[in-house]
Amino acid sequence: MRCPHCEVAELVSDNRNVPYTFQGKTTTIPAVSGKFCPACGEAVFEAAESIRLSAAMLALNENPDSPSTARAARA
Ligand SMILES: [Zn+2]
């Protein structure tokens, strides 16, 4: 599958830690499986992973300072 963003490279299936920044705080959401573009860095996630990512981001948005939230995001 060619990258929908840059249309230069083929996307590569991988499992990566995805950084997420909210209000100046950056958290890493670990081990997200998706397809990544080696040329521009665009990432395409499957539906299940999108849901998991959204949930993790939402939890961080609601309570970015909570240690338990940070722990859950790293787990
Ligand atoms: Zn690309």
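Participant: How do you make sense of the overall build of the protein when you look at a structure like this?
Facilitator: A count of helices and strands for the protein gives 2 helices and 3 strands. The secondary structure elements of the protein, listed N-terminal to C-terminal, are β-β-β-α-α. Counting only residues that meet the buried cut, the protein has 25% of its 75 residues in that class. Taking the contacts inside the protein whose residues are at least 6 apart along the sequence as the reference set, 40% of them involve residues at least 24 apart. With an accessible surface of roughly 4900 Å², the protein has 53% of that area assigned to carbon and sulfur atoms.

Participant: Where do I start with the coordination of the zinc ion in this structure?
Facilitator: By definition of the ideal shapes, four donors in a tetrahedron about a metal sit 109.5 degrees apart, and six donors in an octahedron sit 90 or 180 degrees apart. Surrounding the zinc ion are the protein donor atoms Cys3 (SG), Cys6 (SG), Cys37 (SG) and Cys40 (SG), at 2.2 to 2.3 Å. For the zinc ion, the 4 donor atoms are set out with angles of 106 to 115 degrees between them, so the coordination reads as tetrahedral. Coordination of the zinc ion draws on donor residues from a single chain, spaced C-x2-C-x30-C-x2-C in sequence. You can see cysteine 3 sitting in the segment before strand E1 (12-22) and its partner cysteine 37 sitting in the loop between strand E2 (25-36) and strand E3 (43-45), a full 34 residues away along the chain. By the burial criterion, cysteine 3 is buried, and cysteine 37 matches it.

Participant: Please explain helix H1 (residues 47-62) as it appears in this structure.
Facilitator: Within an α-helix, residues lying three or four positions from one another point in the same direction, as the helix has 3.6 residues per turn. Here H1 is 16 residues long and its end C-alpha atoms lie 22 Å apart, about the 22 Å a rise of 1.5 Å per residue gives. Turning to H1, its buried residues number three or more, namely Glu49, Leu53, Ala56 and Leu60. Each buried residue of H1 lies within a common arc of 65 degrees when the element is viewed along its axis, so the set occupies one face. Seen from the open side of H1, the exposed residues pointing more than 90 degrees away from its buried face are Ala47, Ala48, Ile51 and Glu62.

Participant: How should the pattern of salt bridges be read in this particular structure?
Facilitator: For side chains of opposite charge, pairing can occur when their charged atoms come near one another. Applying the stated criterion across every chain yields a total of 3 salt bridges. Glutamate 10 is the salt-bridge partner of arginine 2, the closest N and O atoms lying 3.8 Å from each other. With a relative accessible area of 47%, arginine 2 lands in the partly exposed category.

Participant: It is not clear to me how the pairing of E1 should be interpreted in this structure. Could you clarify?
Facilitator: Remark: a regular strand shows side chains that alternate across the two faces of the sheet. Relative to E2, E1 runs antiparallel, the two sharing 10 bridges. Bridge pairing in E2 links aspartate 14 to glycine 34. Counting the residues in the hairpin turn of E1 and E2 gives 2 residues, including glutamine 23, whose phi is positive at 50 degrees.

Cut-offs applied
- Residues numbered from 1 in each chain as written.
- Predicted model: local features only at pLDDT ≥ 70, side-chain atom pairs only at ≥ 80, totals over all residues.
- Heavy atoms only, no water.
- Helix = DSSP H or I, 4+ residues; strand = E, 2+ residues; numbered from the N terminus.
- Buried < 20%, exposed > 50% of the residue type's maximum accessible area, 1.4 Å probe, protein only.
- Contact = heavy atoms within 4.5 Å.
- Areas by Shrake-Rupley, 256 points an atom, 1.4 Å probe, with all protein chains shown as cover.
- Donors = N, O, S within 2.8 Å, 3.2 Å for Na, K, Ca; no water.
- Tetrahedral: all angles 85-135°; square planar, octahedral: opposite > 155°, others 65-115°.
- Expected span 1.5 Å × (residues − 1).
- Arc of directions from axis to C-beta.
- Salt bridge = Lys/Arg side-chain N within 4 Å of Asp/Glu carboxyl O.
- Pairing = 2+ DSSP bridges.

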